[in-house]
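This is what each chain is made of:
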Amino acid sequence: MKEIMLYRGCTTPVRLPAYEAATIAVLGKLGVKVVEMDDANCCGAQYVESVSRMAFAAMSGRILALAEKESQDILALCGACSGSLKINKHFLDNDEKARKEVNELLSEEGLKYTGKTRVRHLLQVLNEDIGFEAIEKAIKKPYKGLKLAAHYGCHVTRPYEIVQVDDPENPTIIDRLIEIAGAEAVDYVGKTRCCGGPLLAMDESLATHIGQDKIRDAIAAGAQGMVTACVFCDIQLTQVQFGEDTDSSKMIPVIPIVQFLGPALGIKEDVLGIELNKTSPDIILSALQEAK
Amino acid sequence: MNNETHTPSSDFAKEIALIPGGEVINKCIQCGICTASCVVACVDDQYRPRRLIQKILIGKRDEVLKSDQPWLCMTCRMCEERCQEGVSPAEIFHAVRILAVKEGHIPKVFQITVEKVLCDGWMLADAYTDFNEDEREDLGLNPALAWNDTFTKKVKKKYLAGEESA
Ligand code: SF4
Ligand code: SF4
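Residues numbered from 1 in each chain as written. Chains lettered and ligands numbered in written order. Predicted model: local features only at pLDDT ≥ 70, side-chain atom pairs only at ≥ 80, totals over all residues. Heavy atoms only, no water.

A. Expanded view of the overall build of chain A. Helix and strand counts for chain A stand at 16 helices and eight strands. On C-alpha atoms alone, chain A measures out to a radius of gyration of 19 Å, which is about the 19 Å that the 2.2 N^0.38 rule sets for 292 residues. Its C-alpha atoms put chain A at 55 × 45 × 30 Å along the principal axes. Evaluated residue by residue, chain A yields a buried proportion of 63% over its 292 residues. Counting contacts in chain A only where the partners sit at least 6 residues apart, residues at least 24 apart contribute 77% of the total. Of the roughly 10900 Å² that chain A leaves accessible, carbon and sulfur atoms contribute 47%. (Helix = DSSP H or I, 4+ residues; strand = E, 2+ residues; numbered from the N terminus. Rg over C-alpha atoms; globule rule 2.2 N^0.38 Å. Buried < 20%, exposed > 50% of the residue type's maximum accessible area, 1.4 Å probe, protein only. Contact = heavy atoms within 4.5 Å. Areas by Shrake-Rupley, 256 points an atom, 1.4 Å probe, with all protein chains shown as cover.)

Now the structure itself:
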């Protein structure tokens, strides 16, 4: 069985552990064994990134070196983690001086960065390592009569030259997976726009406004739910629906791609942690058909 | 030919151009596609990436370095994707942040978070409770997250001693 090393990141294990559990279950079912990375550190996204280029490179560089030591590729479930690791890999691979400097720090604990480890976002594993055909074959209980909107996450898909996941202007991986599982993917205004999450620290009300616009646009296009591929986006698009001035009758479920695929692959809901979701997934689960 | 500039070039713009990410600022033709693509600009009528770049080009050094605006950018890179001149406002504002920090201008929330991350090794050490551990166990996940703070402390000492607390 193919193996990949999960870098959990900070947010998934604390605020959305069901995403982690569902990823392990779904990839396992599709023939990829997830092993978890221990002794890791923050990737440096946004905060350290904003204050020092080299500190940012060192933080991500150590994570890359930890996987390299185990001869594994890295799996990331978060746009910020996958983006940071890829941007720093690109930087370290192309800047010998920076690489040397980071390696000096790493050598104190017997680690070394040479660039061998690849960074894979979850969508790349599903699309490239497993493939749509194999996933389609593994669908046991397809959905029917369900319209869903895909939200990709800015840092998952941009900048394309470095992250190389999907077409940044017109991404299709999540849409394809929605359809493979039997549901209908709806297009909506601002599909590639940000969820607003990165603005939470500086201005929560603006961030919420951006997220609410996104949900509103998806609903206007007929979506009954939103499928995500980043822990930050998932949490942000969920929590903006719980604000004071929001209409709870207009709430739609927000669900990570693996929690959406899991039931269709015949994986039990409790393994996927679906009952922990803050937006009710009932409308999605009730669209599941009997085994084909 | 490729390096032909279309805009005024202040000393401040030259300074930004020397920081990684800021190199091509003088290729900006002030077309405004970045502002038109920006979701932050959609919800905040003070935030205008084109205008912020213009302020750099005409040399409003003090105003830009002390402003919160470069810190409002979400680095979503929608503008970068659309800019026909190959300029990335996200990268330019990143270069501005690096310079601003050097001169002691950093929003409190960034300062506190950098400090936390480098001391604890990760961002959510305080938020991780028994409740989370139980939840992880119920899901069959390892409750011991085993974060490393030795390395991040080294990083702090080497690259950020004094700077982020300025
Ligand atoms: S889109 Fe590019 S060229 Fe146009 S104003 Fe923005 S940065 Fe300048
Ligand atoms: S990267 Fe920054 S300036 Fe550009 S569109 Fe996104 S938020 Fe706006």
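B. Seen up close, unusual backbone geometry. Residues and elements named next belong to chain A. With an omega of -5°, the peptide bond between Arg-158 and Pro-159 qualifies as cis. Assignment of secondary structure puts Pro-159 in the loop between α9 (154-157) and α10 (160-163). If you check the backbone angles, Ser-71 has positive phi at about 50° while not being a glycine. Counting through the fold element by element, Ser-71 comes out in the loop between α4 (53-69) and β3 (74-76). The phi dihedral of Gln-164 is positive, around 50°, even though this residue is not glycine. Mapped onto the fold, Gln-164 is located in the loop between α10 and α11 (173-180). Looking at Gln-164, the relative accessible area reads 43%, which means it is partly exposed.

C. Just the interface of chain B and chain A, in detail. At the interface, 52 residues of chain B touch 60 residues of chain A. Carbon and sulfur atoms supply 70% of the area that chain B and chain A bury against each other, a total of about 5000 Å² over both sides. Counting across the interface, chain B meets chain A through three salt bridges. Glu-20 of chain A is the salt-bridge partner of Arg-136 of chain B, the closest N and O atoms lying 2.8 Å from each other. Where chain B packs against chain A, one counts 15 residue pairs in polar contact (both at pLDDT 80 or more). Broken down by secondary-structure element, the contributors of at least two residues to the side of chain B that touches chain A are α3 (39-43), α6 (78-82), α7 (89-102), α8 (108-120), α9 (130-138) and α10 (150-159) of chain B. A class-by-class count of the residues in the side of chain B that touches chain A yields 32 nonpolar, eight polar and 12 charged. (Buried area = accessible area lost by both parts, 1.4 Å probe. Salt bridge = Lys/Arg side-chain N within 4 Å of Asp/Glu carboxyl O. Polar contact = N/O pair within 3.5 Å; in protein donor to acceptor, adjacent residues only side chain to side chain. Nonpolar A, V, L, I, M, F, W, Y, C, P; charged D, E, K, R; others polar.)

D. Layout of a negative patch on the surface. A cluster of acidic side chains, namely Glu-269, Asp-270 and Glu-275 of chain A together with Asp-130, Glu-133, Asp-134, Glu-137 and Asp-138 of chain B, defines a negative patch on the protein surface. Among the elements of the structure, α15 (269-272) of chain A together with α9 of chain B are those that each provide at least two residues to the negative patch. When residues in the negative patch are grouped by element, the largest group, five residues, is from α9 of chain B. Within the secondary structure, Glu-137 of chain B sits in helix α9. (Patch = residues over 30% accessible without salt bridge, like charges linked within 9 Å, V, L, I, M, F, W, Y side chains within 5 Å. Lys, Arg positive; Asp, Glu negative; His and termini not counted. Charge placed at Lys NZ, Arg CZ, Asp CG, Glu CD.)

E. Broad picture of the sheet that holds strand β6 (residues 184-186) of chain A. Residue and element names in this part refer to chain A. The strand order across the open sheet built from four strands is β6-β5-β7-β8, with neighbouring strands paired in parallel fashion. The open sheet has two free edges, formed respectively by β6 and β8 (254-256), since each of these has just one partner strand. Ignoring strand direction, the axes of neighbouring strands in this sheet form an average angle of 40°. The pairing of strand β7 (residues 226-228) with β8 spans three bridges and is parallel. Looking across to β8, one finds that Val-227 is bridged to Ile-255. Contacting β5 (147-150), β6 and β7, α11 crosses the sheet at an angle of about 150° to β6. Contacts between helix α14 (residues 257-264) and the sheet are confined to β5, β7 and β8, with β8 contributing the most and set at about 80° to the helix. (Pairing = 2+ DSSP bridges. Axes fitted to C-alpha atoms, helices over the stretch in contact; angles between N-to-C directions.)

F. View of the site of ligand 1. Residues and elements named next belong to chain B. Neighbouring ligand 1 are 13 residues; Cys-28, Cys-31, Gly-32, Cys-34 and Cys-83 lie closest to it. Looking at the shell around ligand 1, the elements with two or more residues in it are α2 (33-37) and α4 (49-57). Partitioning the shell around ligand 1 into residue classes produces nine nonpolar, two polar and two charged. (Near = heavy atom within 4 Å.)

G. Quick peek at the environment of Lys-27 of chain B. Residue and element names in this part refer to chain B. Note that Lys-27 resides in the loop between α1 (11-17) and α2. On the accessibility criterion, Lys-27 (25% relative accessible area) is partly exposed. Between the C-alpha atom of Lys-27 and that of Gly-86, which follows or precedes it by 59 residues, the distance is 7.8 Å.

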